[in-house]
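Here is what each chain is made of, one letter per residue.
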Amino acid sequence: MKITIFENNEARILLSNPDFLEAWEKLCGHCSWATVFQSVAFVSTWYKNFPNYPCLIISDWDNGNMTGLLTLTRDGKSLVAAGTNLAEYQVWIESADSENRFIMGALKAIQTRFPGQTLKLKYLPPATPISFFQTADWSKKVILKPYEMPLMRLDKDQLQSELKKKNRKEKLNRLNRIGDLQFKVIQEKHGFDKAINEMCVQSDFRKGAMYNKIAFKEEPQRKNFLLDLYDLGLIHLSLFTLNQELIASNAGIVGKDMVHLQGINSHSPFYAKHSPGILHFLQLGIALADEGFSFFDLTPGGAGGYKEMLASEQKLAWELIMLSPPKIALSKVIEVTKKTFLTGLAKTRLAGNSSDFKSLWLDKKNKGKLFLKNPSKLFRSDGMNKIWSNQPKKYFSFNTAVKGSFQGEFNIAQNELKDFLDYNEKGSLITRWEFLSDCMKRIELGHIPFTIKENGELVAVFWEIPINAKSGENKVDKYDKTTFTYSYYKEDFHGHLLGIANHLISSLIDAEKLTLPYDFQVTSGQKHLLYKLKNQETQLL
C-alpha cells in the first residue's frame, strides 16, 4: 500500500478530479464509521470557503482505487481534520478489508513528513476502530480521551409528553399570550439567508458571554459555509418565532439517520425565562421524528446542562492526540496533575467547582494581558458597573424628568444584541468576556439595554431596570422603583454620560415608557459621576 500526502495546490487539484471524488464518495459510503463530516460535499465545501487554511489530503488513491483517506489542515501549531471545529466528528475513512493498514501507514507518514507536529482529531465517532491504539507501540505515540456523546432518540410520543409537562406547558402558554408563537421547519431556497444574520448574533452573544468565543464575527466565512451546505441539502433549519421575532433556532448538519447539533443554534436572551431553546429542541425532535430521522445528536463536549436534560442515551466518542513519545509522557503527567488539582480545588469554598475556576482563571489571564498593554489604565479606567460585584452602589432619586444635552453624534438603540459584539477591549482593562457575561446576566433578569455607539464603536451601555425586576445581587432582592444605570462606558465618554442618560430618560418619560419617580444607580468609585448626580439631585429638591 503506497500512501501519499498531497499538500496545498496538489491537494486542491485533486478536489476538482471527478475520478478521485467518485472514489472518495464510494469509500465514504462503505465505511461503517464515516459521518457526513467526511463526505465529499462537506469537506470540499469547507476547503472552498476557507482558502487560507492549508489543504492536506492523505490517501492511497492510485488513479483508480482508494482504500483509505484522511483530510487535514493546520490550525495554529497542530494538524487537525478539515473543517476544524465545524466538523463535529474528525476521523479517517477506510475499507473494511484494509484492517487498519491505511491509518497506521498514514500516521507514520505524518510523523515522517511533519516530525514533532501534533495531530488532533476531535471527536472520533463511536464506531471508529481504536483497539490497535492500545498496543505497546501505539500507546507511546497516541492519547485517546473519552467524551460522552448524548443522543436524543426521536420517540414522538415521549417528546410530546415532555412538552406537556406542567412547567413547559406554562411557558408555552405565557409565550402564546404575548403573541403569535410559531415553530417552523424552513425548506425554501432562500429561507436561511433571511434568518442567518440574527442567528449568528444570538449565537455569538451567548457563546461570547459563556466561553469568550464570537466565532461568526471573527470568522465571517463560517456564514457562507453554512449557506452553501444549506443549498446542498446538508442543513436542517428550524425557527421558533414570536410575533415574527426570532427567539430560538437550529441549523443542524444532516447525517445518516440523524441530525447533528453542529452548525448553529441560538436563542434570544430577552426570553430566557421562558426557556425558548429547550421548547424549540423538543418541537424540533417531534418534527425530525415525523421526517423519519431516528436520532438528534446533541454532540460531545459540555454534555451536562440542557444536553443531559434532553438526552435519552449516551455513547462514547474519543479525542485522538498523536505526539512524539517524550511529549506523550509529559502530557500524561500534566493531565493527571491538572485533574488532581482541579478536583481538589472544586472541594474548596474558594472555587465552587473546577469549571468555574477554569473560567475565572482564563478571564484573569486575559485581564493580565490587557494590563501589560495598558499599564496606565491601572490608575485611569473605563467605567464598569457589574451586576454582581463587591462595589458599593449609590442611588439618586428623581421625581421629574431632567432635560439632558450633549454634543457629538451618537447612535442610541434599544435591545440591539449586535451592538454588544462591537465592544472593543483594546486600551481597556475590562475584558470582552466579563463585559458580555455581565450584559447577558442583566438581560436574563429583565433589565432593558440601551447601547450608545459613536463612529461604529460601542462607547456606553445604559439600562432601564423595571419595578420588581431582580437585582441580581441575591435570589430575593428586587427593585421597588424603576431604576436607571449604566454597566459600561469608555473613559473618554464620561463627559457625555449624564447628558445622554438624562436625554434618554426624559425621552422615555415623554413616550410614557418610563414611570416616575425613578432612581439613578452608580458605583461609589465613579467620583465625577457621583458629584454631578448629587448636584443634580440637590437642585431639584
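This part covers the overall build of the chain. Helices and strands together make up the secondary structure of the chain, namely 18 helices and 20 strands. A sequence separation of at least 24 residues applies to 74% of the contacts in the chain between residues at least 6 apart.

A word on the pattern of salt bridges. Using the criterion set out here, one finds 17 salt bridges in the structure. Residues Lys 156 and Asp 290 are paired through a salt bridge, measuring 2.8 Å at the closest nitrogen-oxygen approach. With Lys 156 in helix H6 (residues 156–163) and Asp 290 in helix H11 (residues 276–290), this pair connects stretches of sequence that are 134 residues apart. Here Asp 290 falls in the exposed class, since its relative accessible area comes to 52%. Here Lys 217 and Asp 422 are joined by a salt bridge, their closest N and O atoms 3.1 Å apart. Of this pair, Lys 217 sits in helix H9 (residues 215–218) while Asp 422 sits in the loop between helix H15 (417–420) and helix H16 (432–444); the two residues are 205 residues apart in sequence, bridging distant segments of the chain. Using a relative accessible area of 22% as the deciding quantity, one classes Asp 422 as partly exposed. Each of the salt bridges in this network shares a partner with another, and the network as a whole consists of Lys 217, Asp 419, Asp 422 and Lys 453.

Burial of strand E19 (residues 482–489) is extensive: eight of the eight residues sit out of reach of the surface. As paired strands, strand E18 (residues 457–465) and E19 are joined by six bridges and run antiparallel to one another. Looking at the pairing, Trp 463 lines up with Thr 485 of E19. Considered for its hand, the β-α-β crossover made up of E19, helix H17 (residues 494–510) and strand E20 (residues 518–523) is right-handed.

Put simply, Lys 122 and Tyr 123 share a cis peptide bond, and its omega is 15 degrees. Summarising the element assignment, Tyr 123 is placed in strand E6 (residues 118–124). Look at the link from Leu 516 to Pro 517: it is a cis peptide, with omega at -5 degrees. Here Pro 517 lies in the loop between H17 and E20. For Asn 415, which is not glycine, the phi dihedral falls at a positive 55 degrees. Secondary-structure assignment places Asn 415 in the loop between strand E16 (411–414) and H15.

Another point: the confidence of the model for the chain. The predicted model of the chain has a mean per-residue pLDDT of 87, with 86% of residues at 70 or higher. With pLDDT under 50 throughout, residues 376–381 is counted as low confidence; its partners more than four residues away or in other chains account for nine contacts.

Taken together, Lys 120, Lys 122, Lys 207 and Lys 213 make up a surface patch of like positive charges. Tracing the backbone shows Lys 213 in the loop between helix H8 (191–211) and H9.

Turning to the side chain of Arg 206, a few remarks are in order. Tracing the backbone shows Arg 206 in helix H8. Comment: no salt bridge for buried Arg 206; closest opposite-charge side chain is Glu 444, at 6.9 Å.

The subject of this paragraph is H11. Under the 1.5 Å per step criterion, the end-to-end length of H11 is 21 Å for 15 residues, consistent within 8% with the ideal 21 Å. Taken across its 15 residues, H11 has 14 buried, putting it largely inside the fold. Looking at the residues trailing H11, positive phi occurs at Gly 292, about 100 degrees.

Moving on: the pairing of strand E9 (residues 235–242). In terms of burial, E9 is a largely internal element, eight of the eight residues being buried. Of the two faces of E9, the one carrying Ile 235, Leu 237, Leu 239 and Thr 241 and the one carrying His 236, Ser 238, Phe 240 and Leu 242 are both buried. As judged from the six bridges shared by strand E8 (residues 181–186) and E9, these two strands associate in the antiparallel manner. Paired with Phe 183 across the strands is Phe 240, a residue of E9. Sheet topology places E9 next to strand E10 (residues 245–254); eight bridges connect them, and they run antiparallel. By the bridge assignment, Ser 238 is partnered in E10 with Asn 250. In this antiparallel pair of consecutive strands, E9 and E10, the connection spans two residues, and Asn 243 shows a positive phi of 50 degrees.

The residue Met 1 is located in the segment before strand E1 (4–7) in this model. The exposure class of Met 1 is exposed, given its relative accessible area of 55%. For the pair Met 1 and Ser 59, spaced 58 residues apart in sequence, the C-alpha to C-alpha distance is 9.9 Å. Residue contacts for Met 1: discarding those within four places in its chain leaves Asp 60, Thr 67, Ser 98, Arg 101 and Phe 102.

At a closest axis distance of 9 Å, the pairing of H6 and H11 adopts a crossing angle of 155 degrees. Overall, the two elements H6 and H11 adopt an arrangement that is roughly antiparallel. The two elements H6 and H11 cross, and the hand of that crossing is left-handed. In this structure, H6 contributes Lys 156, Leu 159, Gln 160, Glu 162 and Leu 163 to the contact, and H11 contributes Leu 279, Leu 282, Gln 283, Gly 285, Ile 286, Ala 289 and Asp 290. Its residues assigned to classes, the contact of H6 with H11 shows six nonpolar, three polar and three charged.

So, how was this worked out
- Residues numbered from 1 in each chain as written.
- Predicted model: local features only at pLDDT ≥ 70, side-chain atom pairs only at ≥ 80, totals over all residues.
- Heavy atoms only, no water.
- Helix = DSSP H or I, 4+ residues; strand = E, 2+ residues; numbered from the N terminus.
- Contact = heavy atoms within 4.5 Å.
- Salt bridge = Lys/Arg side-chain N within 4 Å of Asp/Glu carboxyl O.
- Buried < 20%, exposed > 50% of the residue type's maximum accessible area, 1.4 Å probe, protein only.
- Pairing = 2+ DSSP bridges.
- Right-handed = clockwise from strand over helix to strand, strands pointing away.
- pLDDT = per-residue confidence, 0-100.
- Patch = residues over 30% accessible without salt bridge, like charges linked within 9 Å, V, L, I, M, F, W, Y side chains within 5 Å.
- Areas by Shrake-Rupley, 256 points an atom, 1.4 Å probe, with all protein chains shown as cover.
- Lys, Arg positive; Asp, Glu negative; His and termini not counted.
- Charge placed at Lys NZ, Arg CZ, Asp CG, Glu CD.
- Expected span 1.5 Å × (residues − 1).
- Axes fitted to C-alpha atoms, helices over the stretch in contact; angles between N-to-C directions.
- Parallel < 35°, antiparallel > 145°, perpendicular 65-115°, else oblique.
- Left-handed = near helix turned anticlockwise from the far one by under 90°.
- Nonpolar A, V, L, I, M, F, W, Y, C, P; charged D, E, K, R; others polar.

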